[in-house]
Amino acid sequence: EDQVTQSPEALRLQEGESSSLNCSYTVSGLRGLFWYRQDPGKGPEFLFTLYSAGEEKEKERLKATLTKKESFLHITAPKPEDSATYLCAVRGSYNTDKLIFGTGTRLQVFP
Amino acid sequence: GAGVSQTPSNKVTEKGKYVELRCDPISGHTALYWYRQSLGQGPEFLIYFQGTGAADDSGLPNDRFFAVRPEGSVSTLKIQRTERGDSAVYLCASSSEGQGVITEAFFGQGTRLTVV
């Protein structure tokens, strides 16, 4: 069964303090790993798609990387406005196009 | 429209009542998903449409839940005999298909359902 585990559950950073969020996955055949940002009371906002090991994507202070077992979301010199829950999802099994989500990492960045 | 639109944004209903939640996807998107999210949890898959047909309904928790997409665009999630445990945020997402590959899903703002 396809599964996604995110760690840590919560992360508190000082503004400018770089860190990484982890997404470990188990799928029968990866057909995409997706990162989303979710603000309180809002729907998830798409950030990145990664398809194969070694792939990297960047957007402002965020960089997503992918290996055969996990993905990392690196946050460089975060700002308070980066505070949100970051969700990871995979599209795995070939008989369905559904996305399986992890429980997310709640990031708080303090000035 | 520019994004996925869900109505209503909030719904309070009494236990045992019937509710309908509506999703208007991004124009031209053939795939449509329904998810349910409880506080502090990630979105939980309910059902996925490709065009008018339900391609995967394995996430529907029981036969009180049903969804339709009759013309391949707007979808309605229907919940009969609501229970307090159905209280959650119901999220809808849509995605396009290019060269046989389903792309990333874009989410609406959700409908917060409260069963009292």
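Placed above this text is the structure.
Keep in mind the model is a prediction, meaning the values are calculated, not measured. (Residues numbered from 1 in each chain as written. Chains lettered and ligands numbered in written order. Predicted model: local features only at pLDDT ≥ 70, side-chain atom pairs only at ≥ 80, totals over all residues. Heavy atoms only, no water.)

Visitor: For the overall build of chain A, give the residues involved together with the corresponding values.
Guide: Looking only at helices and strands, chain A features zero helices and 11 strands. In summary, chain A has a C-alpha radius of gyration of 14 Å against a globular reference of 13 Å for 111 residues, a match within 12%. Principal-axis analysis of the C-alpha atoms gives chain A an extent of 45 × 30 × 20 Å. Within chain A, the proportion of its 111 residues that are buried is 49%. A separation of at least 24 residues holds for 56% of the contacts in chain A among residues at least 6 apart in sequence. Counting every atom, chain A has about 5,400 Å² of accessible surface; 47% of that belongs to carbon and sulfur. The centroid of the 14 positive side-chain charges in chain A is displaced by 3 Å from the centroid of its 15 negative side-chain charges. (Helix = DSSP H or I, 4+ residues; strand = E, 2+ residues; numbered from the N terminus. Rg over C-alpha atoms; globule rule 2.2 N^0.38 Å. Buried < 20%, exposed > 50% of the residue type's maximum accessible area, 1.4 Å probe, protein only. Contact = heavy atoms within 4.5 Å. Areas by Shrake-Rupley, 256 points an atom, 1.4 Å probe, with all protein chains shown as cover. Lys, Arg positive; Asp, Glu negative; His and termini not counted. Charge placed at Lys NZ, Arg CZ, Asp CG, Glu CD.)

Visitor: Tell me about the environment of Val74(B), and please be specific about residues and values.
Guide: Residues and elements named next belong to chain B. Residue position: Val74 is located in the loop between strand E7 (65-68) and strand E8 (75-79). Placed 47 residues apart in sequence, Val74 and Ser27 show a C-alpha to C-alpha distance of 9.8 Å. Residues within four places of Val74 in sequence aside, it is in contact with Arg22, Cys23, Asp24, Pro25, Val68 and Arg69.

Visitor: Summarise the side chain of Gln38(A); cite the residues concerned and give the values.
Guide: Position of Gln38(A) among the secondary structure elements: in strand E4 (residues 33-38). Given a relative accessible area of 10%, Gln38(A) falls into the buried group. Among the polar contacts listed, one links the side chain of Gln38(A) to the side chain of Gln37(B), at a separation of 2.9 Å. For Gln38(A), the contacting residues outside a window of four places in its chain are Gly43(A), Pro44(A), Ala84(A), Thr85(A), Leu87(A) and Gln37(B). (Polar contact = N/O pair within 3.5 Å; in protein donor to acceptor, adjacent residues only side chain to side chain.)

Visitor: Requested: an account of the interface of chain B and chain A, with residues and values cited.
Guide: Across the boundary between the two partners, chain B contributes 21 residues, which contact 19 residues of chain A. In total, about 1,600 Å² of surface goes out of reach between chain B and chain A, with carbon and sulfur atoms giving 52% of it. On the chain B side of the contact with chain A, Glu104(B), Phe107(B) and Gln109(B) bury the most area, a combined 27% of that side's loss. Seen at the junction of chain B and chain A, the total is zero salt bridges. Within the residue set of the side of chain B that touches chain A, elements represented by two or more residues are strand E4 (31-37), strand E5 (44-50), strand E11 (101-102) and strand E12 (106-107) of chain B. Residue contributions to the side of chain B that touches chain A peak at three residues, all from E4(B). (Buried area = accessible area lost by both parts, 1.4 Å probe. Salt bridge = Lys/Arg side-chain N within 4 Å of Asp/Glu carboxyl O.)

Visitor: So what's going on with the packing of aromatic side chains? Residues and values would help.
Guide: Tallying each qualifying case throughout the model produces 10 aromatic pairs over all chains. Pairing Phe46(A) with Phe106(B) gives two aromatic rings, centres 5.8 Å apart and planes at 65 degrees, and the pair type is edge-to-face. Linking Phe46(A) in strand E5 (residues 45-50) with Phe106(B) in strand E12, this pair reaches from one chain into another. Arranged with centres 5.9 Å apart and planes meeting at 55 degrees, the rings of Tyr35(B) and Phe107(B) form a pair that is tilted. A residue pair is termed long-range when its members are at least 10 positions apart, and Tyr35(B) in strand E4 and Phe107(B) in strand E12 qualify at 72 residues. The pair formed by Tyr35(B) and Phe107(B) is uniform in burial state, with each residue classed as buried. Among the aromatic residues, ring-to-ring pairing joins Tyr36(A), Phe46(A), Phe101(A), Tyr33(B), Tyr35(B), Phe45(B), Tyr48(B), Phe106(B) and Phe107(B) into one connected group. (Phe/Tyr/Trp six-rings, centres within 6.5 Å; stacked < 30°, edge-to-face > 60°.)

Visitor: Residue-level account of the state of the cysteines, with values.
Guide: Summed over all chains, the structure comprises two disulfides over all chains. Paired through a disulfide, Cys23(A) and Cys88(A) show a sulfur-sulfur distance of 2.0 Å. Handedness here is read from the sign of the S-S torsion; for Cys23(A) and Cys88(A), about -60 degrees, the answer is left-handed. With Cys23(A) in strand E3 (residues 19-26) and Cys88(A) in strand E9 (residues 84-90), this pair connects stretches of sequence that are 65 residues apart. In this structure Cys23(A) comes out as buried when scored by relative accessible area, which is 0%. Paired by a disulfide, Cys23(B) and Cys92(B) hold their sulfur atoms 1.9 Å apart. Measuring handedness by torsion sign, the sulfur bridge of Cys23(B) and Cys92(B) sits at about -70 degrees and is left-handed. Placement of Cys23(B) in strand E3 (residues 19-24) and of Cys92(B) in strand E9 (residues 88-95) is noted, with a sequence separation of 69 residues between them. Like Cys23(B), the residue Cys92(B) is buried in the burial classification. (Disulfide = S-S within 2.5 Å.)

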